[in-house]
Amino acid sequence: PVTIRRGIEEEYRSVGFVQATVSTYSHVSSESKRRKITFEINEGPRFRIQSIRFDGNQVFSPDRMRREFYARASGLVQSGIFVEKEVQKAAELMTEWMKEQGYLSAKLVTVDTTILPSKKSAAGEQSVEVVIYLYEGLQTLIGSIEFRNLKLISSDELKTMLRIQEGMPLNLFALAEGLDQLKRNYRDWE
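If you're wondering where the values come from, they're calculated on a predicted model, not measured in any experiment.

Procedures and definitions
Residues numbered from 1 in each chain as written. Predicted model: local features only at pLDDT ≥ 70, side-chain atom pairs only at ≥ 80, totals over all residues. Heavy atoms only, no water. Helix = DSSP H or I, 4+ residues; strand = E, 2+ residues; numbered from the N terminus. Rg over C-alpha atoms; globule rule 2.2 N^0.38 Å. Buried < 20%, exposed > 50% of the residue type's maximum accessible area, 1.4 Å probe, protein only. Pairing = 2+ DSSP bridges. Axes fitted to C-alpha atoms, helices over the stretch in contact; angles between N-to-C directions. Contact = heavy atoms within 4.5 Å. Expected span 1.5 Å × (residues − 1). Arc of directions from axis to C-beta. Left-handed = near helix turned anticlockwise from the far one by under 90°. Nonpolar A, V, L, I, M, F, W, Y, C, P; charged D, E, K, R; others polar.

Chemist: Break down the overall build of the protein chain for me, with residues and values.
Modeler: Across its full length, the protein chain carries 6 helices and 5 strands. Helices and strands in the protein chain line up, N terminus first, as α-β-β-β-α-α-α-β-β-α-α. Compactness check: the protein chain gives a C-alpha radius of gyration of 25 Å against a globular reference of 16 Å for 190 residues, more than 25% above the reference. Once the C-alpha set of the protein chain is aligned to its principal axes, its extents read approximately 90 × 45 × 25 Å. Among the 190 residues that make up the protein chain, the fraction classed as buried is 29%.

As structure tokens, this is what we get:
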């Protein structure tokens, strides 16, 4: 029953019912010797995101951060429903986006939520404020690129494949994909 209870609570939380609780009651019939388990579910209010703020961003504007966050969020979070795991996941994906922009040491510090004073809507919903604390770090830009002894591919083709260009942010994810593509091409050229 404990595993089932936790599973039911987690399922409710995954759709915005943060305070859902499940109580179990067990009764053994003296006649049939069978155990009957009753699950009593208290959904509680559904939580909506009233606001999302970012702390620690120096380069990206709050509006840009919100756009990038929601672009990576689940459908429920995009529609304003608070699901803790989904908010956390979107914040982590947002820091990966920051790394793609050359902020290689960007990291998510924590996600803090505050349940706002009860002003339940007609649907019995409640609101939360979300603050995402992060660290951008310094941006890494490509200073110069030099290739030597190229025979099978030109330097311009190689720059395109590796998605690197002088003065542009270093995107380690794109570079790694480009290196994999280069390895495949070299095997094909042999």
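Chemist: Please provide a residue-by-residue account of the sheet that holds strand E3 (residues 47–55), values included.
Modeler: Strand order in this open sheet of 3 strands is E3-E5-E4, and the pairing throughout is mixed. Where the open sheet ends on each side, the last strands, each with one partner, are E3 and strand E4 (107–115). Taking each pair of neighbouring strands and ignoring which way they run, the sheet shows an average axis angle of 20°. Across 8 bridges, E3 lies against strand E5 (residues 126–135) in parallel orientation. Within E5, the position partnered with Arg-48 by the bridge is Ser-127. Where helix H2 (residues 62–72) meets the sheet, its contacts fall on E3 and E5, and the angle it forms with E3 comes to roughly 130°. Strands in contact with helix H4 (residues 84–100) are E3, E4 and E5; relative to E4, the strand with the most contacts, it is inclined by about 150°.

Chemist: Tell me about H4, residues and numbers included.
Modeler: The terminal C-alpha atoms of H4 lie 25 Å apart, and with 17 residues this matches the ideal 24 Å at 1.5 Å per residue to within 8%. Where H4 is concerned, the buried positions are Val-87, Ala-90, Ala-91, Met-94, Thr-95, Trp-97 and Met-98. Down the axis, H4 shows its buried residues gathered within 150° of arc, on one side only. Tucked inside the fold, the buried residues of H4 contact E3, H2, helix H3 (75–78), E4 and E5. Downstream of H4 by a residue or two, Gly-102 has a phi angle that is positive, lying close to 100°.

Chemist: Go over the packing of H2 against H4, please, and point to the residues and values.
Modeler: Packed helices, taken two at a time, are described by the angle their axes make and the gap between the axes. One way to put it is that H2 packs onto H4 with a least axis distance of 8 Å and a crossing angle of 115°. In this structure, the crossing between H2 and H4 has a hand that is right-handed. Listed contacts from H4 to Arg-64, Met-65, Glu-68, Phe-69 and Arg-72 of H2 are Val-87, Ala-90, Ala-91, Leu-93, Met-94, Trp-97 and Met-98. In the contact of H2 with H4, the residues fall into 9 nonpolar, no polar and 3 charged.

Chemist: So, the environment of Thr-24: which residues are in play, and what are the values?
Modeler: With respect to the element layout, Thr-24 can be found in strand E1 (residues 21–28). Along the sequence, Thr-24 and Leu-138 sit 114 residues apart, while their C-alpha atoms lie 52 Å from each other. Beyond its immediate stretch of four places on either side in the chain, Thr-24 contacts Pro-1, Arg-5, Thr-38 and Phe-39.

All quantities given are derived from atomic positions and should not be read as evidence of function.
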